[in-house]
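Each chain is listed here by its residues.
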Amino acid sequence: MKAPEPATREQAIAWVQETRRARDALISEVSEGNLDLPAAVSRATSDPATAGLRVVVLLESLPGVGKVAARRALRDLGIGDHRPIGELEPDDVAALTEVSG
């Protein structure tokens with residue numbers, strides 16, 4: 001996600017802080033099991049603050065999925081580690097849901 005052109009440094013800092021809070025909240029909900037992968041992706045794509053979150057970070061936050069399993073799943077599906085959630089296609093989400101359980 002591209003940052004808006006801030007008028008001041010303070011506005012830029014506030015935008016970054018809000019983006020980090022939104023991403024941390026999404027990751028927390030997923031790691032606690034309150035949000036499954038399709039719901040998390042749906043929420044992330046509708047929210048510009050979380051659409052830029054890397055898909056590997058979201059997968060790693062799923063209960064029972066670690067760094068190695070997340071990267072292996074992405075590699076097997078041909079999805080880049082650094083792809084933002086907002087760029088995932090519906091087929092990618094379905095495939096990730098199957099693999100991650």
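What comes next concerns the included structure. (Residues numbered from 1 in each chain as written. Predicted model: local features only at pLDDT ≥ 70, side-chain atom pairs only at ≥ 80, totals over all residues. Heavy atoms only, no water.)

So, helix α1 (residues 9-31)
Our working definition: We count a stretch as a helix when DSSP gives it H or I for four or more residues in a row; a strand needs E for two or more, and each element gets its number in order from the N terminus. Expected helix span is given by 1.5 Å per residue-to-residue step, counting one fewer step than there are residues. Residue exposure (1.4 Å probe, protein chains only): buried if accessible area is under 20% of the type maximum, exposed if over 50%, otherwise partly exposed.
If you check α1, its first and last C-alpha atoms are 33 Å apart, about what 23 residues at 1.5 Å a residue would give, namely 33 Å. Looking only at α1, the buried set comprises Thr19, Ala22, Leu26 and Val30. Just downstream of α1, Gly33 is the residue with a positive phi angle, here 85°.

Here's the deal with the packing of α1 against helix α2 (residues 37-46)
We apply this condition: Working convention: axes come from line fits to C-alpha atoms, limited for helices to the stretch in contact. Angles between N-to-C directions cover 0 to 180 degrees. Roughly parallel refers to an angle under 35 degrees, roughly antiparallel to one over 145, roughly perpendicular to one between 65 and 115, and oblique to any angle outside these ranges. We call two residues in contact when some of their heavy atoms are within 4.5 Å. Only Asp, Glu, Lys and Arg are considered charged in this grouping, and only Ala, Val, Leu, Ile, Met, Phe, Trp, Tyr, Cys and Pro are considered nonpolar; every other residue, Gly among them, is considered polar.
Interaxial distance between α1 and α2 falls to 10 Å at its minimum, and their mutual angle equals 170°. With respect to their mutual orientation, α1 and α2 come out roughly antiparallel. Residue-level inspection shows Leu26, Glu29 and Val30 of α1 in contact with α2, the latter providing Ala40, Arg43 and Ala44. Split by residue class, the contact of α1 with α2 holds 4 nonpolar, no polar and 2 charged.

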